[in-house]
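Okay, here's what each chain looks like letter by letter:
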Amino acid sequence: KEMTSLSVSLQSPEPGSRSGTTRKRIEKHDFPGYGTYNVHAHPPSPHLQKLAATLTSSSSSSSKLTTLEATSISGNDILSSSFYVSGLVTLTAGILAPLCLLLVGLTLYLFRSIYAETVTALPCNGGTYNVLLNCTSKQFASMAACFAIIAYITTGVVSALTAVAYLKTIVTSIDLESSTIILLFSFFLLTSYGISESAFVAKIIFLGHVFTLTGLCIFGILFIGFSEENYLRENWNTEYPRVNVAGEERDGTLWTAIFYGFSSAMLGVSGFETSSQFIEEQAEGVFVKTLKNMWQGVMIFNPLLSLISFAALPIDVITANKDTVLAGTAKVIGHWIKKSLNFPEHWEVGELLSFWVSIDAFVVLAGAVLTAYVGINGLIRRMAMDRCLPQVLLWKNSVTNTDSLILFGFFALCVSQVILLDCDVEALGGVYCYAFLSVMSIFAFGNMILKVKRPSLPRLHKTSWLASIAGFLSVVTALLGNILGKPELLTYFFVYFIVIGVLVLSMFNRVNILRVILFVLREMGVEEEAWEKEPETLGGIAATRSPKWWWNRGAATQVSTSPSAAENPDETIDLETAGLLAKASPKKDQTSKRRSCFKSVVATLSSVRDVPFIFFAKHDDLYVINKAVLYVQKNEQTSKLIIVHCKSEKSGDTQTLSEHVKLIDVLYPKIKVSLLVVEGAFGIGMIEWLAQELAIPINAMFITCPDKDFTMKIQELRGMRIITY
């Protein structure tokens, strides 16, 4: 049948009865009705071509981020760690801090290839969440995203605290806690008013930061080579720091210094995953280059600056001023430059160099706070659109058109961390390491799953199994070191994880929670309606009463395709719950208010499940269609699935496909499965036309795993989910 409105035609049930019976009673609110299997659509070719041209032009490389711009946004995040990681690593590694930071650089080299393979295979924003969403279940991807949320929270807090700490070296009168909260609130206001991190501003900050670090490294190398007052030899002879092993203090050794130092030094690569969060905005080929540039920055600056700080300062001074090590290092080097070059006495070169480093630190770390706001906003919005978080988070401020609820929630969580951990950067670094290393390990695990479950997916880069396993084991080792070294911080970490995790889990179990409420109401003696209707027939189908209500309150109306239904009640399916018989008048009793509550819960349950999804079936493959329905039932809280088949000129008759979809619809009575056959080739124009015509977002569309013969680029799918082989 040809319908002018696809939405209307797909909502209309196919006439006639369905073969098949069930012994299981299906609740009325759980039965969405039967689908329709013979809807054809003929989208006009010029319109499809226009849509495709519009989307192609909007995603052209001329409007994408260049290598420098993308590197700047990510680099501001990862290189900002140079200002605080050196002091934190020294607390556990002592003089071996530069070696530990070098080992982290080698670990990051492994993750260059891991990220390159995974993200180029699935080039959509979302990072770890996107990878697991397309390779595993939605629940697993969402729980993994909880770690990313905690990592963003702690990134914002650590960056803000360290920024204020460096500012305090210039303005000593400011209070650390209140100033940090003010800084976080300032960026909440900025992002709420729509001022996000522009590529141009990020580029200016990044170039200035690299210039500062390069200058400090050059002066530091000269200081090591020519100064007679450096502390390298003295620091080398110091004992290894005492360490905390599962709550017990022990003397430090070479191995404890390397193990715990390496674990703490992983904080220095925070932000490496940032580039994968906005890959859709990058020009083709840029992402891999940003990974290389970030790795080079971490490999060069962090170990070298740590070594320079050991030359300029005694190790006791470094640990005592762990939050502002580079400012103190710059001051000592500046005094040496003044003395060596015989500058006038009134030239405060040391103070000037320290001021320069402190201002750069404040600007870059403040930029990292802004990156955290922008990153968390994108991740939370993506999860809310996927129905992993409450839909209220999608509310936009009508004045600024920004996600003010998301931004305020992030600000509130950041402030709670500042207060709970009393501005302790070391403790915050430990909590961050738990979250960030969990994200990194899960990403490496996701890469291995990608190799196994999506082997045919085209990708620009491939990494060996050895590199994937080595990278995974490296971050798991670092995570273990942080757990053993700072076990007391697990309490704070799990508080945030439980709060966020419970919210996510409750969203996934909304239907089950509502069903429990209905059960409780029934146990209280409340039912939706009390039926008093005699057996009747509809369309030649026998209606009978059955004693098989699982709760003993009244009789159910049943239907069967067999005239002998009354004689054989085991072969019946509940007709009333199928919505095929008219409702009878309810009994009047004293529970009208509770009955109203019952109806409200039923209405809420129906609205939660009344969200349609699309699965594109390339061929008439009953096995694949069945897998798609099973995936949707397991991962989505919906009662509607539309199977879309794009029929080309070479395609044959779709009658068999229609029969198969009808069979699937009968097999799964709790989900309405319909078939839509569209005339035309599968492409970006067709995807956009369906999204507009059916009012279904692209992230609610599913597809089988593409292979090497797939004509479209993966990024042209624009977030469409891969759900089966």
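Structure: see above.
Keep in mind that this is a model prediction, so the values were computed, not measured.

Trainee: Help me understand the nonpolar core in this model?
Mentor: Soluble, globular proteins show a tendency: their nonpolar side chains are buried together. Of all hydrophobic cores here, the largest spans 136 residues; its most connected members are Y115, Y373 and M383. Dropping the residues within four chain positions of it, Y373 is found in contact with L184, F187, F188, T191, L407, F410 and F411.

Trainee: What is the right way to read the environment of S309 from this model?
Mentor: When you line up the elements, S309 lands in helix α12 (residues 286–312). Along the sequence, S309 and T329 sit 20 residues apart, while their C-alpha atoms lie 5.5 Å from each other. If we ignore the near neighbours within four places in the chain, the residues touching S309 are S86, I318, V325 and T329.

Trainee: Even after reading the chapter, I still don't get the packing of helix α7 (residues 138–168) against helix α8 (residues 176–192), so can you show me in this structure?
Mentor: The relative placement of two packed helices comes down to the angle between their axes together with the axis-to-axis distance. α8 packs onto α7 with a crossing angle of 120 degrees between their chain directions and a minimal axis gap of 9 Å. Between α7 and α8, the crossing angle belongs to the class labelled oblique. Both α7 and α8 take part in a crossing whose hand is right-handed. Where α7 approaches α8, its residues G156, A160, L161, A163, V164 and A165 are matched on the opposing element by L176, S179, T180, L183 and L184. Considering only residue class, the contact of α7 with α8 consists of eight nonpolar, three polar and no charged.

Trainee: Quick question: what am I supposed to make of the pairing of strand β10 (residues 701–704) here?
Mentor: In regular strands, side chains alternate between the two faces of the sheet. Bridging between strand β7 (residues 612–616) and β10 involves two bridges; their strand directions are parallel. Bridge pairing in β10 links I614 to M701. Bridge analysis of β10 against strand β11 (residues 721–724) gives three bridges, and the strand direction is parallel. Bridge pairing links I703 to I722 in β11.

The rules behind each value
Residues numbered from 1 in each chain as written. Predicted model: local features only at pLDDT ≥ 70, side-chain atom pairs only at ≥ 80, totals over all residues. Heavy atoms only, no water. Core = buried A, V, L, I, M, F, W, Y, C linked by side-chain atoms within 4.5 Å. Buried < 20%, exposed > 50% of the residue type's maximum accessible area, 1.4 Å probe, protein only. Contact = heavy atoms within 4.5 Å. Helix = DSSP H or I, 4+ residues; strand = E, 2+ residues; numbered from the N terminus. Axes fitted to C-alpha atoms, helices over the stretch in contact; angles between N-to-C directions. Parallel < 35°, antiparallel > 145°, perpendicular 65-115°, else oblique. Left-handed = near helix turned anticlockwise from the far one by under 90°. Nonpolar A, V, L, I, M, F, W, Y, C, P; charged D, E, K, R; others polar. Pairing = 2+ DSSP bridges.

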